[in-house]
Amino acid sequence: MNLLLAEDDALLADALQQQLLSASFKVEWAENGAVAEYLLKKQDFDIAILDLGLPMVDGLTVLKRVRGAGRTLPILVLTALDALEHRVAGLQAGADDYLVKPFDFPELEARLHALLRRSRPASLTQQLRQLTLDRAAHRASIAGQPVELSPREWTLLDLLVSERDRVVTKAQIADAWGSDDGASLEVYIHRLRRKLDGSGLAVRTVRGLGYLLEAAAS
Amino acid sequence: MNGRSLHRQLLLWLLLPQIVLWGVAAFGAYQLASRHADELVDASLLQAARALARQVKPTASGVFVDLPPSAQDILAADPEDRAMYSVSSPPGQLRLGDARIPPPPRSAPPGEPVFYDAAEPEPLRAVALDLHLSAPGAMDSTLRVQIARSSAPRDLLARRMLLDTALPLSLLIALMTMGVWAGIRRGLKPLAELQQQMEGRRADALDPVQLQAAPPEVRALAGAVNELLGQVQQNLDTQRRFISDAAHQLRTPLAGLKSQTELALAAVDAAADPALHQRLARVHESAVRSARLVSQLLALARTGPDAVAAQGWAPVDCARLVQDVTAECVPRALAAGCDLGADISAAAVSVQGVELLLREALVNLIDNAVRYAGAGATVTVRLRRAGDDVWIDVEDNGPGLDPALRERAFERFVRGAAAGEGCGLGLAIVREIAERHGGLAQLMSAAPHGCIARLTLPPI
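Let us look at the structure shown here. (Residues numbered from 1 in each chain as written. Chains lettered and ligands numbered in written order. Predicted model: local features only at pLDDT ≥ 70, side-chain atom pairs only at ≥ 80, totals over all residues.)

Before going further, it helps to spend a moment on the overall build of chain A. Counting its regular elements, chain A contains eight helices and 12 strands. Here chain A, with 218 residues, has 30% of them falling under the buried criterion. If you take every contact in chain A between residues at least 6 apart in sequence, the share linking residues at least 24 apart comes to 51%. (Helix = DSSP H or I, 4+ residues; strand = E, 2+ residues; numbered from the N terminus. Buried ≥ 20, exposed ≤ 12 C-beta atoms within 10 Å, placed from the backbone. Contact = placed C-beta atoms within 7 Å.)

Structure follows, in structure tokens:
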């Protein structure tokens, strides 16, 4: 996965490069806005991390120019400014997501993966512990054994997997199903839990909110 | 030392001279009335004495008083105004009349009357007139005629005159007091207004004092106060801007530091070099805490009245807010071993506010509960309507908070016993945000143990 990191603070850039490398990204580092703009226009990256406070050309301008040049890659904006108007300006200029410094690396990694999933959702065959999701064929298997899923169960599992470790609310599930079927939701969850046995994954109930897919306690 | 009220001082200093004047006037009027009454009485006494003296004829053997009994009766008989008379010759030796009239205190040359007051046998006003008698064929002699009248009628007259003067005067004073009081109140009204405006003020309300049509003296005072308020406001703004700028500047290096220590921690084998690992862990912890502090400082700078006014005020759906924020906090809570959930029993409740700030407040409360309740605890975010209020409660079943610390917990940089990475600004921020929204933030005990942090907000 090719990633452009535009960040002028050497200390942060160095650490991020290391962490991104160990998260299996190929990282190109641009330490000012001009270089970042040039690289983004000339090379194909899968994703970019863009600091807003860049020297020479500021991040927001880089973002507008890159989008102006027709580049559609997902761009995550890093900012030390977190006032509402700054966030809005960043998103309006074409950022796909933003993260306020200082941040936790796992959070950054999760967001990068989420952006990548969104930019190329169909082609993914996802492996999570013992569970494999073939999104093209709407098929799931655990340790190579196919799992029989009804269309609703598939939608539910797909949603939980793509939002793993985050709360999926009942409203989100109803949206995905296209119907507000709150009463039967618990039945589906119950069935799904049984079918996920041995996958190394568990569906946790979050009181009053919804459900969350997490690694099962071993 | 407290000064006395301006109203009272003005009233005192305006009325005191009047009361003194009133006293002097009353005393003077009484003296004048007494003198006039005395003059009247004295004139009639002298007249009577002269008339009596004319009836006295010297004889060879002494004197003869030609006073018919009917005349004696007239002199002595008026029951309202009894007169006593005596004729003595030589003075002191009674010839006719009442022996009880005391002698005059001094003697005067013949023909000159002596007026005097006497106390016996009753309060009297008396005149003594000595006359030299000489007639052919009679021996020379000195004659004293005394007439006395009770002084009660005269005193009565004087008192009545005093009353007639003093009563209207007193009434006048009373009316004047009321008039002066009303005048003072009216005159000092702008001051009262100023007081009201200053008293009803929150400590951080720095908008200028408004005084319409105030007299120049009060306007000058209000102007001085406004100037001071303006200066304080400016200082606060500068300070807040500085904090905000400094925090922004600190964020990037702190992010770098944090990432580097994260990396270093991952690189060091805890089993091979536990001391180094522990040291690095401490550096990392400190970096994390600094990062948090910087974020909180920024949040605090954002909760200033001007900063809040500049942000977007809009109706905020409470159920959505609680749901979103709680859901967002769940992964963190799970990582800390806490069971975080929501209990939303009030649907369709909105408050007017800044969503970003309300989120910040709720995140702070949830983070606090997770941190202080510790692993294994249950934390529940409840949304309820209570009468005219909206309650957002964050309840945990942790060890709870020492009641002594409950109020102080909202002060800046006060941290609980197990603060960990807390920087002591969270609750201060929550309270500021609640107050900016016309609500309040409280900490209570939960049964059987634990803590409830309550955000009370006014719904739309």
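Glancing now at the interface of chain A and chain B. The parts lose accessible area when they come together, and the size of an interface is often stated as this lost area. The partner chain B presents 28 residues to the 24 residues of chain A that form the contact. In terms of residue count, helix α1 (residues 10-22) of chain A provides more of the side of chain A that touches chain B than any other element does, six residues in total. Counted by class, the side of chain A that touches chain B contains 14 nonpolar, four polar and six charged residues. (Nonpolar A, V, L, I, M, F, W, Y, C, P; charged D, E, K, R; others polar.)

Residue and element names in this part refer to chain A. Where helix α2 (residues 33-42) is concerned, the buried positions are G33, A36, E37 and L40. Summarising the axial view, the buried residues of α2 lie within an arc of 100 degrees, below the 170-degree limit, and thus occupy one face. Of the surrounding secondary structure, the elements contacted by the buried residues of α2 are β1 (2-6), β2 (26-30), β3 (47-51) and α3 (59-68). (Arc of directions from axis to C-beta.)

Residue and element names in this part refer to chain B. Read across the sheet, five strands follow the order β4-β3-β7-β6-β5 without closing on themselves; strand pairing throughout is antiparallel. The open sheet has two edge strands, β4 (94-97) and β5 (113-118), and neither has a second partner. Averaged over all pairs of adjacent strands, the angle between strand axes in this sheet comes to 20 degrees, irrespective of strand direction. Relative to strand β7 (residues 141-150), strand β6 (residues 124-133) is paired through 10 bridges, and the arrangement is antiparallel. Counted as the bridge partner of H132 is T142 from β7. (Pairing = 2+ DSSP bridges. Axes fitted to C-alpha atoms, helices over the stretch in contact; angles between N-to-C directions.)

The next subject is the pairing of β3 of chain A. Residues and elements named next belong to chain A. When you tally the buried positions in β3, you get four out of five residues, the bulk of the element. Where β1 meets β3, four bridges bridge the pair, whose relative direction is parallel. The partner of L3 across the bridge, within β3, is I47. Bridge analysis of β3 against strand β4 (residues 75-79) gives four bridges, and the strand direction is parallel. Looking at β4, one finds that L50 is bridged to V77.

All names here are of chain A. Taken in spatial order, the five strands line up as β2-β1-β3-β4-β5 in an open sheet, and their pairing is parallel. A strand with exactly one partner marks an edge of an open sheet, and here the two such strands are β2 and β5 (97-100). Strand-to-strand twist in this sheet, taken as the mean axis angle between neighbours without regard to direction, amounts to 20 degrees.

Residue and element names in this part refer to chain B. Where helix α1 (residues 6-54) contacts helix α3 (residues 152-187), the axes come no closer than 9 Å and their chain directions differ by 165 degrees. Judged by the inter-axis angle, α1 sits roughly antiparallel to α3. The crossing of α1 and α3 is right-handed. Residue composition of the contact of α1 with α3, grouped by class: 24 nonpolar, five polar and three charged. (Parallel < 35°, antiparallel > 145°, perpendicular 65-115°, else oblique. Left-handed = near helix turned anticlockwise from the far one by under 90°.)

Most peptide bonds are trans, and most residues other than glycine sit at a negative phi. Put simply, K101 of chain A and P102 of chain A share a cis peptide bond, and its omega is -10 degrees. Mapped onto the elements, P102 of chain A comes out in the loop between β5 and α5 (105-119). For the bond running from A447 of chain B to P448 of chain B, omega is -5 degrees, close enough to zero to count as cis. Turning to its location among the elements, P448 of chain B is positioned in the loop between β13 (440-445) and β14 (451-457). A positive phi angle, near 60 degrees, is found at S24 of chain A, a position not held by glycine. Its place among the elements puts S24 of chain A in the loop between α1 and β2. Assessed through the 7 C-beta atoms surrounding it within 10 Å, S24 of chain A is described here as exposed. At D165 of chain A, a position not held by glycine, the phi torsion is positive, near 65 degrees. Locating D165 of chain A in the fold gives a position in the loop between α6 (151-162) and β10 (168-169).

The subject of this paragraph is the environment of G59 of chain A. Residue and element names in this part refer to chain A. Within the secondary structure layout, G59 lies in helix α3. C-alpha separation for the pair G59 and V77, spaced 18 residues apart in sequence, amounts to 8.3 Å. Dropping the residues within four chain positions of it, G59 is found in contact with A6, G33, L50, D51, L52, G53, L54 and V77.

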